[in-house]
Amino acid sequence: MFCRIVGWKGLEIFLEAARKSIGVNGNLKFVSVGGGSRELVNRYKQLSSEYGLDQRIIWLGEQSDLTGLLNMIDILTVASTSGEGFPNIIGEAMSTEKPVVATDVGDNTLIVKGGGLIIPPGDSDAMYHAWKQLVDSKSLRVKMGSVGRQRVCDQFSLEVMIERTESSVFL
């Protein structure tokens, strides 16, 4: 997960799904990128410890080289339970050909469309099953990554956004 750490970003759901996943696949690693309230970050770190994730989750805090980090992961997760508009991180991940698991919140479904899997917000079981589907099939990860990159280029590139803006009629 790459996000500002606030309650509605769903990090607790992410951690619950991670706990379920390591029970099935002990080779998985999880990464949290982003800062937030020190109190909340510490609470999530404590919860991850209680879940037995100490050796499975890497807490990177705030980072500036997101492209480099995105190129190091296999799947991006957006677990928000509310509050999203158009999360840039989804487009950034898709542009690096990473499949996305995202909750059906805000514009997530519109953005992802074939570049990953959409799950209900607050559902750690659905998150676990989406991850499992992608972890178990490299060809599916590659296909969704390719579809996602093409979608970003076709729908959300700077050129497309400029063209759409210039062709709009403003009142």
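Residues numbered from 1 in each chain as written. Predicted model: local features only at pLDDT ≥ 70, side-chain atom pairs only at ≥ 80, totals over all residues. Heavy atoms only, no water.

**Considerations on the pairing of strand E4 (residues 100-103)**
Across the two faces of E4 the burial is the same, with Val-100 and Ala-102 and Val-101 and Thr-103 all buried. As defined by bridge partners, strand E3 (residues 76-78) adjoins E4 across three bridges and the pair is classed as parallel. In the strand pairing of E4, Leu-76 is matched with Val-100. A crossover connection joins E3 to the parallel E4 through helix H4 (residues 88-95); in handedness this β-α-β unit is right-handed. (Buried < 20%, exposed > 50% of the residue type's maximum accessible area, 1.4 Å probe, protein only. Helix = DSSP H or I, 4+ residues; strand = E, 2+ residues; numbered from the N terminus. Pairing = 2+ DSSP bridges. Right-handed = clockwise from strand over helix to strand, strands pointing away.)

**Here we look at the packing of aromatic side chains**
Per the counting criterion, the structure on display carries four aromatic pairs. Ring geometry for Phe-14 against Phe-30: centres 5.9 Å apart, planes inclined by 90°, an arrangement best described as edge-to-face. Of this pair, Phe-14 sits in helix H1 (residues 11-22) while Phe-30 sits in strand E1 (residues 30-33), placing them 16 residues apart in sequence. No difference in accessibility class separates Phe-14 from Phe-30, as the two residues are buried. Plain terms: the ring middles of Phe-14 and Trp-131 are 5.4 Å apart, the flat faces sit at 80° to each other, and that makes the pair edge-to-face. In this pair, Phe-14 sits in helix H1 while Trp-131 sits in helix H6 (residues 124-135), placing the two residues 117 residues apart along the sequence. No difference in accessibility class separates Phe-14 from Trp-131, as the two residues are buried. Of the aromatic side chains, those joined through ring pairs into one cluster are Phe-14, Phe-30 and Trp-131. Directly above the ring of Tyr-51 sits Arg-19, whose terminal nitrogen or CZ lies 3.9 Å from the centroid. (Phe/Tyr/Trp six-rings, centres within 6.5 Å; stacked < 30°, edge-to-face > 60°. Lys NZ or Arg CZ within 6 Å of the ring centre and 35° of its normal.)

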